[in-house]
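# Structural overview
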Amino acid sequence: MLTTDDVVRYHDQGFLALESFISAEEVERMRTIYDRLFAERAGRSAGDQFDLAGADDEESEANLPQILNPSQYAPELLRSETLDRAKEVLAELLGPEATFGGDHAINKPPRNGVETPWHQDEAYWNPAVSYHALSIWIPLQEATVDNGCMHFVPGSHRGEVVPHRPIGGDPRVHGLEVEPGSVDVSTAVACPIPAGGATIHASRTLHYTSPNRSADHRRAYIISGGTPEEQAATPRDFPWQAARHTAREERANTARPTDT
């Protein structure tokens, strides 16, 4: 899947953009599954489908719909060409111990003014754990600057997790953004790619997608994985996680089985 130059570039820059990752036929198969899951609102009652960038109330249309673990609702995703390719890349970039960790899907509605603000994936994760992980972002239509392709800050994966907050400082919002003024994104690189291409980024790489100004949905399917987790050598605290009180979290807690 990857050349030696690709591997060197990923570890140096903290991200990689590939023009081709899955076949055109696989894009069509994945897109059919993807559109069905969003149309069915799969995982809504369990807290797995929610508005990433809004208050997520039932009366309002979602600004940025997301489904966590879509493969739980469409198990055929676990037997796909896409996942096979992802496993190959995980091994090539992180070593043979790297395994599939999970998936999610983000559907940026057409002519939508909502961006996905600058953030690091690791800001969402357990601060007590040390990670060696990455995410593979696969657009199921062409990803352009106009509809919300990925942007990255080269080399930002070498730093620590920076301060974050719920988007807009609103504790009802699940999504996170870096604290305003805490990072310099002046060197950011946009990565437009064709349908079925992919961007790959490390868990601490700063990234962003712009609003979707096109007439079509911006569909992105994301696979994450990494090497076995280890206890962090230095204790960390992510206070922004406790600051959130979301409808998504309430649904997840209600759906979670209780001990008897």
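For the structure, check the block above.
Report follows, based on the coordinates. Owing to the predicted nature of the structure, the values given are computational and were not obtained by experimental measurement. (Residues numbered from 1 in each chain as written. Predicted model: local features only at pLDDT ≥ 70, side-chain atom pairs only at ≥ 80, totals over all residues. Heavy atoms only, no water.)

## Quick word on the overall build of the protein
- A count of helical and extended segments in the protein gives six helices and 15 strands.
- Its C-alpha radius of gyration of 17 Å places the protein within 12% of the 18 Å reference for a compact globule of 260 residues.
- Oriented by its inertia axes, the alpha-carbon framework of the protein measures out at about 50 × 45 × 45 Å.
- Counting contacts in the protein only where the partners sit at least 6 residues apart, residues at least 24 apart contribute 84% of the total.
- As displayed, the protein offers around 12,100 Å² of accessible surface, 50% of which is attributable to carbon and sulfur atoms. (Helix = DSSP H or I, 4+ residues; strand = E, 2+ residues; numbered from the N terminus. Rg over C-alpha atoms; globule rule 2.2 N^0.38 Å. Contact = heavy atoms within 4.5 Å. Areas by Shrake-Rupley, 256 points an atom, 1.4 Å probe, with all protein chains shown as cover.)

## Some thoughts on the sheet that holds strand β1 (residues 15-18)
- Taken together, the seven strands give an open sheet; going across it, the order is β1-β12-β7-β14-β4-β3-β2, and neighbouring strands pair in antiparallel fashion. Two strands bound the open sheet, and with one partner strand each, they are β1 and β2 (49-51). Ignoring which end each strand starts from, the neighbouring axes of this sheet average 20° apart.
- Pairing between strand β7 (residues 133-139) and strand β12 (residues 198-202): four bridges, direction antiparallel. Within β12, the position partnered with L134 by the bridge is A202. (Pairing = 2+ DSSP bridges. Axes fitted to C-alpha atoms, helices over the stretch in contact; angles between N-to-C directions.)

## Details of the side chain of R248
- Along the polypeptide, R248 turns up in helix α6 (residues 247-255).
- Of the buried charged residues, R248 lacks a salt bridge, with D48 as the closest side chain of opposite charge at 4.3 Å.
- Apart from the residues within four sequence positions on either side, R248 is in contact with G47, D48, F50, D56, L68 and H174. (Buried < 20%, exposed > 50% of the residue type's maximum accessible area, 1.4 Å probe, protein only. Lys, Arg positive; Asp, Glu negative; His and termini not counted. Salt bridge = Lys/Arg side-chain N within 4 Å of Asp/Glu carboxyl O.)

## Quick notes on the pattern of salt bridges
- According to the stated counting rule, one finds 19 salt bridges in the structure shown.
- Notably, a salt bridge pairs D56 with R251, separated by 2.9 Å at the nearest N-O pair. Taken together, the residues span a long stretch of sequence, with D56 in the loop between β2 and β3 (65-68) and R251 in helix α6 at a distance of 195 residues. Considered together, D56 and R251 belong to a single accessibility category, that of buried residues.

## So, the packing of aromatic side chains
- Here the structure, examined in full by the defined rule, presents five aromatic pairs.
- Note on F15 and F152: the rings are 4.8 Å apart at their centroids and 15° apart in plane angle, and the pair reads as stacked. Of this pair, F15 sits in strand β1 while F152 is found in strand β8 (residues 150-152), placing the two residues 137 residues apart along the sequence.
- Looking at F152, the relative accessible area reads 0%, which means it is buried. (Phe/Tyr/Trp six-rings, centres within 6.5 Å; stacked < 30°, edge-to-face > 60°.)

## With respect to the environment of E25
- Turning to its location among the elements, E25 is positioned in helix α2 (residues 24-39).
- What makes E25 exposed here is its relative accessible area of 53%.
- Distance in space between the C-alpha atoms of E25 and G196 is 9.4 Å, their sequence separation being 171 residues.

## Focus on the nonpolar core
- Of all hydrophobic cores here, the largest spans 33 residues; its most connected members are F21, L93, L134, I136, I138 and I200.
- Contributing elements (two or more residues each) for this core: β1, α2, α4 (81-94), β7, β12 and β14 (218-226).
- Leaving out residues up to four positions away in the same chain, F21 has contacts with M1, T82, R85, A86, V89, I136, I138, G196, G197 and A198.
- Among the nonpolar cores identified, the runner-up in size contains 19 residues, and F15, L52, A53 and A220 belong to it. (Core = buried A, V, L, I, M, F, W, Y, C linked by side-chain atoms within 4.5 Å.)

Nothing here speaks to function; it is all geometry.
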